[in-house]
Amino acid sequence: MSESAVTASQMGLCTCHGCGGLSELIPGIHEMRCRRCGASLHLRKPNSISRTWAYLIAASIMYIPANVLPIMKTGSLFGSQSDTIMSGVVYLWHSGSWHLALVVFIASVLVPLAKISALTFLVITVQLGWTQGALERTKLFRVLEFVGPWSMLDVYVVTILVALVQLKSLATIEPGPAAAAFGAVVVLTMFAAMAFDPRLLWEPKEAHHV
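Residues numbered from 1 in each chain as written. Predicted model: local features only at pLDDT ≥ 70, side-chain atom pairs only at ≥ 80, totals over all residues. Heavy atoms only, no water.

Some thoughts on helix H4 (residues 134-147)
Inference 1: The end-to-end C-alpha distance of H4, which contains 14 residues, comes to 20 Å, matching closely the 20 Å that a straight helix rising 1.5 Å per residue would cover.
Inference 2: Within H4, the full set of buried residues consists of Ala134, Arg137, Thr138, Phe141 and Leu144. Projected down its long axis, H4 shows its buried positions confined to an angular sector of 115 degrees, all on one face. Seen from the open side of H4, the exposed residues pointing more than 90 degrees away from its buried face are Glu136, Arg142 and Phe146.
Inference 3: In this structure, the buried residues of H4 make contact with helix H3 (98-128) and helix H6 (177-195). (Helix = DSSP H or I, 4+ residues; strand = E, 2+ residues; numbered from the N terminus. Expected span 1.5 Å × (residues − 1). Buried < 20%, exposed > 50% of the residue type's maximum accessible area, 1.4 Å probe, protein only. Arc of directions from axis to C-beta. Contact = heavy atoms within 4.5 Å.)

Laid out in structure tokens, this is it:
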């Protein structure tokens, strides 16, 4: 698709975000509703940029305790121990499970950081009015949407370990405060991706839609 292609808004059409139905915009009417599902119609997601920034800032704040605080606390007859994400990666690496260490590091450290950085980049390019590389930036956004749920790996692992260990009564494992912070980072970045309207990448100069 080229940047010179005719858009739906130029033809007076609007797609419903609820059911996907195509509706014709009537001039002079500011608030229209979908004839199929009754949802409010709008050319762009309302307050897309401001809502995306809010989620990104919150995710960036929660990213710090997610990596600094313990994500798992273990206890046994031999003592207790608290592990952060990075200490778990280091332990797996030194124990010879380098492939697991790499997976945890990528999914739990790099992916959330990359999502926050990439979404920040996309929002800034829209606000600066970039017109170059709209197709490439759109593909980047699609990748972010795809990898979003997969960054919950650590939370899944902790949950499974807690269930297994408690059943065998060999030790105690409790999720640490970082687990909640990490889950918040994943959810907030997913909300940020949902709030961002990728169509703004193609029409960065239409400031009234932001």
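What about the packing of helix H1 (residues 48-68) against H6?
Inference 1: Two elements in contact, H1 and H6, have axes separated by 8 Å at closest approach and are oriented at 160 degrees. It follows from the interaxial angle that H1 and H6 lie roughly antiparallel. As H1 runs across H6, the sense of the crossing is left-handed. Facing Ser48, Arg51, Thr52, Tyr55, Leu56, Ala58, Ala59, Met62, Tyr63, Pro65 and Ala66 of H1, the residues of H6 in contact are Ala178, Ala181, Phe182, Ala184, Val185, Leu188, Thr189, Phe191, Ala192 and Ala195.
Inference 2: Along the lines of polarity and charge, the residues of the contact of H1 with H6 split into 17 nonpolar, three polar and one charged. (Axes fitted to C-alpha atoms, helices over the stretch in contact; angles between N-to-C directions. Parallel < 35°, antiparallel > 145°, perpendicular 65-115°, else oblique. Left-handed = near helix turned anticlockwise from the far one by under 90°. Nonpolar A, V, L, I, M, F, W, Y, C, P; charged D, E, K, R; others polar.)

Some thoughts on the nonpolar core
Inference 1: Counting 14 residues, the largest nonpolar core has Ile49, Leu119, Leu122, Val126, Phe141 and Phe196 as its most contacted members.
Inference 2: A total of five residues in this core trace back to one element, the largest contributor, which is H3.
Inference 3: One finds Tyr63, Ala66, Val109 and Ala179 within the second-largest nonpolar core, a separate group that totals 12 residues. (Core = buried A, V, L, I, M, F, W, Y, C linked by side-chain atoms within 4.5 Å.)

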